[in-house]
Amino acid sequence: MTLFPVPAFSDNYIWVLHDGQRALVVDPGEASGVMAWLAQHRLTLDTILITHHHADHVGGVAALRDATGARVIGPAHEPMPEPLERVGAGEVVKALGLNFEVIEVPGHTSGHIAYFCAEVDGAPLLFCGDTLFSAGCGRLFEGTPAQMLDSLSRLAALPGTTRVCCTHEYTLSNLRFARAVEPGNAELSAYAERCQRLRERNLPTLPSSIELEKQINPFLRAHVPAVEQSARAHDPHSSPGPLGVFTALRAWKNTYQ
Ligand code: ZN
Ligand code: FE
């Protein structure tokens, strides 16, 4: 199987997974770029997976479905471009001979889902939309900090080798914030340098991995004393414990330049 991020808009990726003949795509915010890519690689579009309702994730769905007849799968509890098959927690989507488990991850939107496949060519794979980003997480448009922390905890519990396919190339700007939170984290500094070099060559920093994110992503590290101290220093009124720390970090990031 081949995994490739087709760039779209200014910083989206439309992930394509294919077996040389049939392809699935995730969150096609627009159709023309991904159609051209599929044609260039002589692929038939089999399945479209959708994580949540934002336009930069669903804008190309109708055009792709009409042009290819691909089946469309999306979250049970979000407004969606009908018709489609709706799926919820624990359901399994079969596509390209693989099983994708649906994980409900509310927070960025209230019905956001992620798709987890336990094995694709020897390693697990996660399509997590705008929930988990490398070194960051999605903004809370419809959910509470408690929901998002719970969603992220479920993703963090997946196997460390899981390849994390996020929908945005936000890594460098997330890393600026992460380093402000944890200036003493050596793994974070080393990762920031690797990502800087990739972006200088216009290469994606993704997929990331669960193992790596647990070492460098402040939003998966609310329980770490250095992260707690930093959140506390920024907002002395934040509540104690991981939820208080997470809430303070998310609010701090929203205004961080
Ligand atoms: Zn979104
Ligand atoms: Fe998005």
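Residues numbered from 1 in each chain as written. Chains lettered and ligands numbered in written order. Predicted model: local features only at pLDDT ≥ 70, side-chain atom pairs only at ≥ 80, totals over all residues. Heavy atoms only, no water.

Peer 1: Honestly, the coordination of the zinc ion (ligand 1) in this entry has me stumped. Any pointers?
Peer 2: Perfect tetrahedral coordination of a metal by four donors corresponds to 109.5 degrees between them, and perfect octahedral coordination by six donors corresponds to 90 or 180 degrees. Coordination of the zinc ion (ligand 1) by the protein involves H52 (NE2), H54 (ND1), H108 (NE2) and D130 (OD), with metal-donor separations of 2.2 to 2.3 Å. Around the zinc ion (ligand 1) sit four donor atoms, and with donor-metal-donor angles ranging over 87 to 170 degrees the site reads as irregular. Site description for the zinc ion (ligand 1): donor spacing in sequence, H-x1-H-x53-H-x21-D. In this structure, the zinc ion (ligand 1) is positioned 3.2 Å from the iron ion (ligand 2), and both are ligated by D130. Of the two residues, H52 sits in the loop between β4 (44-49) and α2 (55-58) while D130 sits in the loop between β10 (123-129) and β11 (132-133), which places them 78 residues apart along the sequence. Classification of H52 as buried rests on a relative accessible area of 0%. (Donors = N, O, S within 2.8 Å, 3.2 Å for Na, K, Ca; no water. Tetrahedral: all angles 85-135°; square planar, octahedral: opposite > 155°, others 65-115°. Helix = DSSP H or I, 4+ residues; strand = E, 2+ residues; numbered from the N terminus. Buried < 20%, exposed > 50% of the residue type's maximum accessible area, 1.4 Å probe, protein only.)

Peer 1: So what exactly am I meant to see when it comes to the state of the cysteines here?
Peer 2: One covalent bond between the sulfur atoms of two cysteine residues makes up a disulfide. Within this structure, the stated rule accounts for zero disulfides. With no disulfide of its own, C166 has C128 as its nearest cysteine by sulfur position, at a separation of 4.4 Å. C195 takes part in no disulfide bond, and the closest cysteine sulfur, belonging to C166, lies 11 Å away. (Disulfide = S-S within 2.5 Å.)

Peer 1: Sorry if this is basic, but what is going on with helix α8 (residues 225-234) here?
Peer 2: Side chains that are three or four residues apart share a direction in an α-helix, a result of its 3.6 residues per turn. Every buried residue of α8 is listed here: V227, S230 and A231. Looking straight down α8, one finds its buried side chains confined to an arc of 95 degrees; they lie on one side. With respect to the buried face of α8, the exposed residues turned more than 90 degrees away are P225, Q229 and A233. Its buried side turned inward, α8 meets α5 (171-181) and α9 (241-255). (Arc of directions from axis to C-beta. Contact = heavy atoms within 4.5 Å.)

Peer 1: Is there a simple way to explain unusual backbone geometry in this structure?
Peer 2: Outside of glycine, negative phi angles account for most residues, and trans bonds account for most peptide bonds. With omega at -5 degrees, the peptide bond leading from E82 into P83 counts as cis. Topologically, P83 is positioned in the loop between β5 (71-75) and β6 (85-87). Positive phi outside glycine occurs at D27, with the angle close to 55 degrees. The backbone of L96 shows a phi angle near 50 degrees, a positive value even though the residue is not glycine. Here L96 lies in the loop between β7 (92-95) and β8 (98-104). Judged by its relative accessible area of 8%, L96 is buried.

Peer 1: Would you mind showing me how to read the nonpolar core here?
Peer 2: In globular proteins that are soluble, nonpolar side chains generally tend to be buried together. In this structure, L24, F100, Y115, F127, L155 and L249 are the most contacted members of the largest nonpolar core, which totals 53 residues. Among the elements that take part in this core, strand β9 (residues 113-120) stands out by supplying six residues, more than any other. Among residues more than four places away in sequence, those in contact with L24 are W15, V16, L17, L45, T47, L49, A95, L96, F100 and F127. Core analysis: the next-biggest nonpolar cluster, separate from the first, contains 21 residues, A31, V34, I48 and V72 among them. (Core = buried A, V, L, I, M, F, W, Y, C linked by side-chain atoms within 4.5 Å.)

Structural measurements only, silent on function.
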